[in-house]
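# An overview of the molecular structure
Residues per chain are reported as follows:
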Amino acid sequence: MSTTQTIERFPLEERPAEIPVLDESELLDAYSHAVITAAERVSPAVVNIEAHGERGRGGSGSGFVLTPDGYVMTNSHVVHGVSRLTVTTADGRSQSADLVGEDPFTDLAILRVHASTALPRVALGDSQRVRVGQLAIAIGNPLGFQASVTAGVVSALGRSLRSGSGRLIDNVIQTDAALNPGNSGGPLVNSRGEVIGVNTAVILPAQGICFAIAVNTASWVASRLIQTGRVRRSSIGVGGQNVVVPRRLQLLHGAPEIAVLVVHVEPDSPASRAGLREGDLILSLDSAPVSGIDDLHRLLTEERVGAPTPIAVLRRGERQELTITPGEARPGK
């Protein structure tokens, strides 16, 4: 065979046809179309929040309009402890806002903007219907850039995230949609433009690990804050730490593997009035096992405020049944 012979890659009749030239609308795939549609629906309801503190110190974040009459949701850490708030809507109007209430336990807050006209609002989805792998779109104001959009997927569901108050926030959505400073408080939406979460945190050393408070939690908190300006939870007034219960005591008293060791009892607290002492191990509350401090927090709900409740403790190896009447929790306690 001659070394100059040309080798045909395809027979003439099988050669691929020329790629047709398509216009821009035809080049948009389903993914791009979903992101564009969701962003166009939601962006008009996303706001920038400037928080002004003492001596000019403050910060900025994002939020989104829940109702046409100006209720706005954001993160508690964006607005906590500031003296003045300014909200800038998507059309460029800036106006002052009032803090209606905040819930540091879930890192959520509600503001009220007294707008002269009805504001565009978001549509809320259902976080129970969210699935791992589905499209997730974050909209906010990172570094002050209005209505910036990033997209990714829902990476995991049912995560727990510790709030600034020390309590765990349950059922948190993990996503790889990029969040940056200023995204806090903005919406995480699905392909239909429905809010599925409130963007709240980033794992700084990692890439693509971001978190949002599930919208069902946010909706419940928002309704309480709009109605009463606060979310009630119960507290018993102890400081504790998780400890392993000796196997012998587990078998003897039906104790959990992990219990809460009481290391401090606040004076004149529900715990002191019930007779709890430093060194006690809390085993259960209202017959529900307490396998650590986070379990205790989950059991201390609004319904328990002022309600006498049985609590089981181990004291010097002996099980004791006491009755405690939780009070209302305050942020930081």
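Analysis parameters
- Residues numbered from 1 in each chain as written.
- Predicted model: local features only at pLDDT ≥ 70, side-chain atom pairs only at ≥ 80, totals over all residues.
- Heavy atoms only, no water.
- Helix = DSSP H or I, 4+ residues; strand = E, 2+ residues; numbered from the N terminus.
- Buried < 20%, exposed > 50% of the residue type's maximum accessible area, 1.4 Å probe, protein only.
- Contact = heavy atoms within 4.5 Å.
- Areas by Shrake-Rupley, 256 points an atom, 1.4 Å probe, with all protein chains shown as cover.
- Expected span 1.5 Å × (residues − 1).
- Pairing = 2+ DSSP bridges.
- Phe/Tyr/Trp six-rings, centres within 6.5 Å; stacked < 30°, edge-to-face > 60°.
- Lys NZ or Arg CZ within 6 Å of the ring centre and 35° of its normal.
- Salt bridge = Lys/Arg side-chain N within 4 Å of Asp/Glu carboxyl O.
- Core = buried A, V, L, I, M, F, W, Y, C linked by side-chain atoms within 4.5 Å.

## A short note on the overall build of the protein chain
Within the protein chain, the secondary structure is distributed over 7 helices and 21 strands. Taken over 333 residues, the protein chain has a buried fraction of 44%. Looking at the protein chain alone, contacts between residues at least 24 apart form 59% of all its contacts between residues at least 6 apart. For the protein chain, the accessible area works out to roughly 17,500 Å², and carbon and sulfur atoms hold 51% of it.

## Let's talk about helix α4 (residues 215–228)
With 14 residues, α4 should reach 20 Å at 1.5 Å per residue; the first-to-last C-alpha distance of 20 Å fits that figure. Backbone geometry just downstream of α4 places G229 in the positive-phi region, at approximately 80 degrees.

## Focus: the pairing of strand β8 (residues 135–140)
A regular strand places its side chains on the two faces of the sheet in alternate fashion. Most of β8 sits out of view: 6 of its 6 residues are buried. Of the two faces of β8, the one lined by L135, I137 and I139 and the one lined by A136, A138 and G140 are each fully buried. Relative to strand β9 (residues 148–162), β8 runs antiparallel, the two sharing 6 bridges. Across the sheet, the residue bridging to L135 is V153, located in β9. Bridge count for β8 against strand β11 (residues 187–189) is 2 bridges, and the pairing is antiparallel. Bridge pairing in β11 places A138 opposite L188.

## Things to note about the packing of aromatic side chains
Following the criterion strictly, the structure yields 0 aromatic pairs and no others. Looking at R112, its charged tip hangs above the ring of Y71, at a distance of 4.5 Å from the centre.

## A look at the pattern of salt bridges
Applying the stated criterion across every chain yields a total of 13 salt bridges. With its nearest N and O atoms 2.9 Å apart, the salt bridge here joins E321 to R319. A network of salt bridges, in which partner residues are shared, links R230, R232 and E328.

## Thoughts on the nonpolar core
Ranked by internal contacts, the top residues of the largest apolar core, which has 44 residues, are I49, M73 and L111. Setting aside residues up to four positions removed in sequence, M73 forms contacts with S62, G63, F64, L66, L108, A109, I110, G185, V198, A218 and A222. Among the nonpolar cores identified, the runner-up in size contains 17 residues, and V260, V290, L296 and V313 belong to it.

## What to know about the environment of G254
Following the sequence through the fold, G254 ends up in the loop between α5 (247–253) and β16 (258–265). Separated by 65 residues in sequence, G254 and R319 have C-alpha atoms that sit 9.8 Å apart.

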